[in-house]
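Geometric and topological summary
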Amino acid sequence: MLAETASGERGFEIVSSLAGRVRDPLLPAGEVRIGGFGGVDGLRTWLSDNRIEAIVDATHPFAGGITAHAAAAAASLRLPILHVRRPGWTPRQGDRWIRVPDLPAAARAVAGLGDRIFLTIGRQGVPAFAELTGQWFLIRAIDPPEGALPPRHELLLARGPFAVADETALLNDRRIDALVTKDSGGAQTEAKLDAARTLGLPVVVVDRPPLPEGARSVETAAAAWDWLRAAHRLR
């Protein structure tokens, strides 16, 4: 949304960068580059070579690596940087959430939550559960996971948004005992939490990694756009 708004504004040249981890990504408006930078040094070089004047880090809340790299590169080049993080989910009455700090802790938490576990953590986090041989896992991701997988599993490739009725039917059909999700926030995949609440199922919720120390952040694209316009006026 931010790229779409800014691309139509005079005086701004917006370049959106995607990591390239999804085979068929939903592309934002305007100029897009896809792929990594090669760490902090590579990102710093790209920013300098392309005469970038401000950075908006609007990556996924769990993309901690690029967020840290962007903050370090911005500091070294003395560029203004803003982090956009949509609000995380908050528990409601009837939820049975178990909050954990990371994926290894999530794998330990599911040990006593039943025999059939629904993993909705993206494809990269699945190897954390590969050593769990006593449980069956329903693994949902946009693209197939890479690396080790739990020996007993079903892979379901799908992209949100998902409806509550469909999520409820899925949990019932697969006889799911518990869910594991990252605290990504947003409406596209929140329906699984509503379905789990209705069915009384426990949900292991992985907390977000912290932003870099001293980072400035906002929660909406509108607030980021206000920041960009203010930074443009100060140049």
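Scroll up to find the structure.
So, here is what we can say about the structure in this document. Everything numeric here is computed off the predicted structure, so don't read it as measured data. (Residues numbered from 1 in each chain as written. Predicted model: local features only at pLDDT ≥ 70, side-chain atom pairs only at ≥ 80, totals over all residues. Heavy atoms only, no water.)

1. Observations concerning the pattern of salt bridges
Defined as follows: Whenever Lys or Arg places a side-chain nitrogen within 4 Å of a carboxyl oxygen from Asp or Glu, that contact is recorded as a salt bridge. Numbered from the N terminus, helices here are DSSP runs of H or I no shorter than four residues, and strands are runs of E no shorter than two. Residue burial is assigned from relative accessible area. The probe radius is 1.4 Å, only protein chains are included, and a residue is buried under 20% of its type maximum, exposed over 50%, and partly exposed in between.
For the structure on display, the rule yields 12 salt bridges. Close ionic contact of Arg-92 with Glu-190 constitutes a salt bridge, the shortest N to O distance being 3.3 Å. With Arg-92 in the loop between β4 (81-84) and β5 (96-100) and Glu-190 in the loop between β9 (178-182) and α6 (191-199), the pair connects residues that are 98 residues apart, well separated along the chain. Residue classification places Arg-92 among the partly exposed positions, given a relative accessible area of 45%. Classification of Glu-190 by relative accessible area gives partly exposed; the value is 22%.

2. Some thoughts on the side chain of Lys-192
Applicable threshold: By the counting rule applied here, Lys and Arg register as positive and Asp and Glu as negative, while His and the ends of each chain are not counted. Throughout this description, a polar contact denotes any pair of N or O atoms lying within 3.5 Å of each other; where both atoms belong to protein, one of them has to be capable of donating a hydrogen while the other can accept it, and for residues adjacent in sequence the pair is counted only when both atoms sit in side chains. Contacts are assigned to residue pairs that have any heavy atoms within 4.5 Å of one another.
Mapped onto the secondary structure, Lys-192 falls in helix α6. No salt bridge is formed by the buried Lys-192; its nearest oppositely charged neighbour, Glu-167, is found at 6.3 Å. In terms of polar contacts, Lys-192 uses its side chain to reach the side chain of Thr-120, at 2.9 Å. The residues touching Lys-192, leaving out its near neighbours within four places in the chain, are Trp-89, Thr-120, Arg-140, Glu-167, Leu-179 and Thr-181.

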